[in-house]
Amino acid sequence: MAGGKVGYSGVIRSRQPELCAVRALAYHLMHRFTIEAVPFPDPRDVEAWLSAALFPGKSSTTTNISYEVQAKELKGMLADLEMSFSKVTHIFRVGGARHLDQYGVDDSVIMRMGKWLHQAMYTHYLTFFKTEGLLAMGEWPHAQAKDFGHFWHERFEINVPEHVLSTVYPFLKELKERLLRVGAVLPSMKSIVEVLEFLAVVLVQDAVELLSQELFTEHPVHVWLTEDPVVG
């Protein structure tokens, strides 16, 4: 949705919520806009909407977190885990490629997922994700066979009421009301609302699963959820 345009891509939830990047994004948005109460971008202000950074630095909400800050944080985490790597921020690309390889995903798919293929077909008409690649990244069985028959977890069945969604993402209700009043100025605005609704569901479902296993009980999102009278 860069530049306000609707893009074509794909994500998948992980079999293990503690490893799920979709869940991590949902938590990040809740921590930023709900717990820290940072104002959500106003869709009526197109310039502010387009300039808002998803992962901002400390100095400005329109400036992305710097490489230096990312590298410093990662080095600290790796040191805590007693892990040593010659690369820092690049370890995600290395690790992703090796992870797919271990799942038996074809080299051409790994190259496409890592954007090491730059033919016009991928850069203009298709995208860089592939079904078996997404399944493997989510650690779902039989990924290389593109078998979605195993893509299920009991936490996906947890029903999340509308009032709970509005509690974890209070900015979502106001965003939807503003778009109803003024309309979607950019094509991506309606899509972002749908993504946020999906992320709110993921957040609650995965939090229930993690808390049932007593994992990360002191995480700010989990503390907030357990103490909130509506959700907890």
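The rules behind these values
- Residues numbered from 1 in each chain as written.
- Predicted model: local features only at pLDDT ≥ 70, side-chain atom pairs only at ≥ 80, totals over all residues.
- Heavy atoms only, no water.
- Helix = DSSP H or I, 4+ residues; strand = E, 2+ residues; numbered from the N terminus.
- Rg over C-alpha atoms; globule rule 2.2 N^0.38 Å.
- Buried < 20%, exposed > 50% of the residue type's maximum accessible area, 1.4 Å probe, protein only.
- Contact = heavy atoms within 4.5 Å.
- Areas by Shrake-Rupley, 256 points an atom, 1.4 Å probe, with all protein chains shown as cover.
- Lys, Arg positive; Asp, Glu negative; His and termini not counted.
- Charge placed at Lys NZ, Arg CZ, Asp CG, Glu CD.
- pLDDT = per-residue confidence, 0-100.
- Core = buried A, V, L, I, M, F, W, Y, C linked by side-chain atoms within 4.5 Å.
- Salt bridge = Lys/Arg side-chain N within 4 Å of Asp/Glu carboxyl O.
- 1 Å grid on protein atoms, 1.4 Å probe; cavity = no way out; pocket = protein on both sides within 12 Å on 5 of 7 lines; lining within 4 Å.
- Points joined across faces, edges and corners; volume = space filled by probe spheres on them.
- Axes fitted to C-alpha atoms, helices over the stretch in contact; angles between N-to-C directions.
- Parallel < 35°, antiparallel > 145°, perpendicular 65-115°, else oblique.
- Left-handed = near helix turned anticlockwise from the far one by under 90°.
- Nonpolar A, V, L, I, M, F, W, Y, C, P; charged D, E, K, R; others polar.
- Phe/Tyr/Trp six-rings, centres within 6.5 Å; stacked < 30°, edge-to-face > 60°.
- Lys NZ or Arg CZ within 6 Å of the ring centre and 35° of its normal.

## Description of the overall build of the protein chain
Of the regular secondary structure elements, the protein chain holds 11 helices and zero strands. By the compact-globule yardstick of 17 Å for 232 residues, the protein chain fits well, its C-alpha radius of gyration being 19 Å. Its C-alpha atoms give the protein chain principal-axis dimensions of roughly 50 × 45 × 40 Å. In the protein chain, buried positions account for 36% of the 232 residues. Pairs at least 24 residues apart make up 59% of the contacts formed inside the protein chain by residues separated by at least 6 positions. In the form shown here, the protein chain has an accessible surface area of approximately 14,100 Å², with 56% of it arising from carbon and sulfur atoms. Side chains of the protein chain give 22 positive and 28 negative charges; the mean places of these two sets differ by 8 Å.

## A closer look at the confidence of the model for the protein chain
On average, residues of the protein chain score 86 in pLDDT, and 90% of them are at 70 or above. Element-level pLDDT for the protein chain is lowest in helix α6 (residues 120-125), with a mean of 60, against a maximum mean of 96 in helix α1 (residues 21-35).

## Things to note about the nonpolar core
Val168, Tyr169, Leu196 and Leu203 are the most contacted members of the largest nonpolar core, which has 32 residues in total. Residue assignment for this core shows that the elements contributing at least two residues are α1, α8 (162-168), α9 (170-182), α10 (187-212) and α11 (220-227). The element that contributes the greatest number of residues to this core is α10, accounting for 11 residues. Once residues within four sequence positions are removed from consideration, Tyr169 is found in contact with Ala26, Leu29, Met30, Thr34, Leu196, Leu199, Ala200 and Leu203. Core analysis: the second largest hydrophobic core is formed by 12 residues, Ile12, Phe129, Leu135 and Phe156 among them.

## Points about the pattern of salt bridges
What the rule picks out here adds up to seven salt bridges. The closest approach of N and O atoms between Arg13 and Asp206, which form a salt bridge, is 2.7 Å. Taken together, the residues Arg13 in the segment before α1 and Asp206 in helix α10 connect sequence positions 193 residues apart. Considered together, Arg13 and Asp206 belong to a single accessibility category, that of buried residues. As a salt-bridge pair, Arg155 and Asp206 come within 2.6 Å of each other at their nearest N and O atoms.

## Quick look at the layout of surface pockets
Looking at the second largest pocket, its volume works out to about 160 Å³. Lining the second largest pocket we find 13 residues, and of these Val204, Ala207, Val208, Leu225 and Val231 sit closest to its centre. Of all the secondary-structure elements, those providing two or more residues to the lining of the second largest pocket are α10 and α11. Considering each element in turn, the lining of the second largest pocket owes the most residues, four residues, to α10.

## Overview of the packing of α9 against α10
A pair of packed helices is captured by two measures, namely the crossing angle of their axes and the spacing between those axes. Running from amino to carboxyl end, α9 crosses α10 at an angle of 155°, the nearest separation of the two axes being 11 Å. As far as their axial angle goes, α10 and α9 are roughly antiparallel. In this structure, α9 meets α10 at a crossing whose hand is left-handed. Along the contact surface, α9 presents Phe171, Leu172, Leu175, Lys176 and Leu179, while α10 presents Met189, Val193, Leu196 and Glu197. Among the residues making up the contact of α9 with α10, the classes are represented as seven nonpolar, no polar and two charged.

## Focus: unusual backbone geometry
Positive phi is not limited to glycine here, since Glu139 has a value of about 60°. Residue position: Glu139 is located in the loop between α7 (131-137) and α8.

## Examining the packing of aromatic side chains
Evaluated as defined, the whole model comprises eight aromatic pairs. Between Phe151 and Phe156, the ring centres sit 5.6 Å apart and the planes meet at 55°, which makes this aromatic pair tilted. The structure contains a cluster of three or more aromatic residues connected by ring pairs, namely Phe33, Phe40, Trp49, Tyr169 and Phe171. The positively charged end of Arg23 is found above the aromatic ring belonging to Tyr27, 4.7 Å away from the centroid.

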